[in-house]
Every structure is written in C-alpha cells, then in structure tokens.
Amino acid sequence: MPPIYILGAGPAGLAAAYTLTQQGQTVVVVERDSKVGGLAKSIKYQGFILDLGPHRFYTKIPPVLKLWNEVLGTEQVTVSRLTRIYYNGKYFSYPLKAFEVLFALGIVENIRIFFSYLVAKLLPNRHPKNFAEWVTAKFGKRLFEIFFEAYTEKLWGIPCTEISAEWAAQRIKGLSLLKALRTAFFGSDGKVKSLIDQFQFPRLGSGQLYDKISEYLLEKNQEILLNTEVVRVHEHNSRVTQLTLRNRHTGVESTVGCSAVISSVPLNTLVEQMISPPPVSKSYHWRDRSSFATQFSFI
C-alpha cells in the first residue's frame, strides 16, 4: 500500500507520524522548512539554543503526557514560570499578584475595572460572536482593553473581532475573574492551565522534543522530506489519491501516490492546493481566519 503522507512537521504532524509508526504504518512527513518543529522549533544562534516562540509543556491529557515521557525520558526539567505583562510603562507578574496590581494601576483604574466588570455582569452578552465580545462578557471591557486586546492581536496578527468566541472559550477554559483574584491573593492551585506556576520542559529547548521524534522516525526507516512543499492535492470521489510535491531547492516536482493524508498545515493553504473545490459543510467556515489552528484530515 502507498504510505500515509503527513503534511507539516510541527507538533501535530510529528505526533501523528510517531503514533502511526508505533502502530506499524508507513508514513512520509512533508515539511517545507529545513528543520522540523514548526512554530515550536529551537534554533542555534551564536552558541545559544533559542526557542522560536514562548512554549510551555503542561497537560492533563494522559496520551499526550505519555508521548512526552516516552520521547524525552530524562531529558526533561522542571521550570518555574516567569511571565510578565508590560502595560503603561510597568511590568506586571502573570498570574497577577493582587497588591502589585492594586498599587501599580492606582485607585482610579481599579475602580474603572470594577465598574466595567459590574456592567458586564448586570447586562450580560449571552451570545458573544467573537473573542473580544467573549472576554468582555467574562471580565469586563476595561480588563479586556488592558490585558487581552493588544497581547492577543500581537500574538496572532489579527483583530480580536476576527477570532471566534468558541476559540476564546477553549483557550481561556476554566478561568474567571474570581479565580484570577483568588490566585492573586492566595497563589495557584494548578487547576487552571493559564495560571500554573511550574511546568516540565525539554532540557535543550522545546525543539528537542521534535528533533527526537524525527530521530525516532528515521530509525524506523520512515521518510521526512524537508524543504519540500505540496503543490497540488489530487482527490477522487472525496478521497485523496495523489500529491504533487516540489523540492524548494531544486524546483523539481514529482507526483506520488498515497493511501491517506493527514494535514497540519494552515487550512486556507490546504484548500488552495486542492484541485477540486472543497465540499460545502456547516462544520467548516473556510473564510473564518480564526480557524488558523485547525487540523484537517483526509482518510
């Protein structure tokens, strides 16, 4: 049988390749970059190992924890969290510390926050349509403006009004103003993932996990095609049968057969590569820019 092709060698793609390899499947991983890890890879610069972005390894999902422990083994360390929010010329600890916020923001700003939260609770928006409305309904407009709006738009590169409310609910799951205040006064109990104080981390940076998965795949004679991009996805009767690949260094294209495709690339990129237009479905909003983290698979 032709192998299963996995598009993207980031965390999702490599986890899929690792799991399928353990099940005895033949896979080929296709990555347009020269290194695995996607947005979570580590790079070497002037003798230092730098993570591409800020990452934390924390989960309550047993299969994910099992994968980390299997791959990393003793190559993990416990890291104390050190996060700061820069606002109005001052640094604030996150999770927030009550007295730090009270004194740094001043009494006027604290009153504005309180009444903004009160308005949100007295006049609730029960059907928020986007991230901005969801956070405002949860914490009040002033806290959204101070601690959520600029950070979120800088991180994801799109306005908060274009990020779905469903994503906000998933991302900030379990967090409320009362829990944040309780943490600010009494410390974190670790039950809300955005408020944890410590987490596990690969000893040589987040990319070490993905480098070790890559080594495992190569040891099992699985292919990883770096500097390779998908030009076209060929499907027949709603089933992917072939992929056209291009080597980004040589420009040479080749068409290969596949038994299935698992894609972890951005959804809009995948749609553009399909010869036939995607089926109309209520489950997927093709123009919804907030679906940037969606994984889509053809089996």
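Let me sum up the structure you'll find in this document. Predicted model, so just to flag it, every value in this text is computed and none were measured.

## Overview of the packing of helix 2 (residues 62–72) against helix 8 (residues 207–219)
Inference 1: Contact geometry of helix 2 with helix 8 gives a least axis separation of 9 Å together with a crossing angle of 75°. Taken together, the axis directions place helix 2 and helix 8 in an arrangement best described as roughly perpendicular. Facing L67, W68, V71 and L72 of helix 2, the residues of helix 8 in contact are Q208, L209, K212 and I213.
Inference 2: Grouping the constituent residues of the contact of helix 2 with helix 8 by class yields 6 nonpolar, 1 polar and 1 charged.

## Quick word on the sheet that holds strand 10 (residues 228–236)
Inference 1: In spatial order, the strands read 10-11-12; together these 3 strands make up an open sheet with antiparallel pairing. Only two strands of the sheet have a single partner each, and these edge strands are strand 10 and strand 12 (253–257). Strand after strand, the sheet turns through a mean of 25° between neighbouring axes, direction not considered.
Inference 2: Where strand 10 meets strand 11 (residues 239–247), 8 bridges bridge the pair, whose relative direction is antiparallel. Considered in strand 11, the bridge of V233 is made with L243.

## With respect to the nonpolar core
Inference 1: Ranked by size, the top nonpolar core spans 25 residues in total, and within it I6, L14, V29, L209, Y210, I213 and L217 carry the most contacts.
Inference 2: Of all the secondary structure elements, the ones that give two or more residues to this core are strand 1 (4–7), helix 1 (11–22), strand 2 (27–30), helix 2, strand 8 (198–202) and helix 8.
Inference 3: Ranked by residues supplied to this core, first place goes to helix 1 with 5 residues.
Inference 4: When neighbours within four sequence positions are excluded, L14 is seen to be in contact with G8, A9, V36, G37, Y210, I213 and L217.
Inference 5: Counting residues in each nonpolar core, the second largest holds 21 residues, with L105, W134, F147 and I163 among its members.

## Quick word on a nonpolar patch on the surface
Inference 1: On the surface, a nonpolar cluster with roughly 950 Å² of combined accessible area is contributed by I107, V108, I111, F114, F115, L118, V119, L122 and L123.
Inference 2: Along the chain, L123 falls in the loop between helix 3 (98–122) and helix 4 (131–139).
Inference 3: Look at L123 and you get exposed, because its relative accessible area is 66%.

Rules and cut-offs
Here the residue numbering is sequential within each chain, running from 1 through the sequence in written order. Owing to the predicted nature of the model, reporting of local features is limited to residues with pLDDT of at least 70; listing and counting of side-chain atom pairs is limited to 80 or more, with chain, interface and lining totals taken over all residues. Hydrogens and water molecules were not included; the side-chain quantities draw on all heavy atoms of the structure. For helices, the fitted axis covers only the stretch in contact; all axes are lines through C-alpha atoms, and the angles between them, taken along N-to-C directions, range from 0 to 180 degrees. Only runs of H or I of at least four residues qualify as helices and only runs of E of at least two qualify as strands under DSSP, and these elements are numbered from the N terminus. Roughly parallel means an angle under 35 degrees; roughly antiparallel, over 145; roughly perpendicular, 65 to 115; everything else is oblique. Contact between two residues is taken to exist if any of their heavy atoms lie within 4.5 Å; hydrogens are not considered. The classification used treats Ala, Val, Leu, Ile, Met, Phe, Trp, Tyr, Cys and Pro as nonpolar, Asp, Glu, Lys and Arg as charged, and all other residues, Gly among them, as polar. For two strands to be treated as a pair, DSSP must find at least two bridges joining them. In these notes, a set of buried Ala, Val, Leu, Ile, Met, Phe, Trp, Tyr and Cys residues joined through side-chain atoms within 4.5 Å is what counts as a nonpolar core. For every residue, the accessible area obtained with a 1.4 Å probe (protein chains only) is divided by the maximum for its type, and the residue is called buried under 20%, exposed over 50%, and partly exposed between those limits. Put simply, a patch holds well-exposed residues, over 30% relative accessible area, that have no salt bridge, with like charges counted together within 9 Å and Val, Leu, Ile, Met, Phe, Trp or Tyr side chains within 5 Å. Using a 1.4 Å probe, accessible areas were evaluated by the Shrake-Rupley method; residue-level cover was limited to the displayed protein chains. The term salt bridge refers to a pairing of a side-chain nitrogen on Lys or Arg with a carboxyl oxygen on Asp or Glu at a separation within 4 Å.

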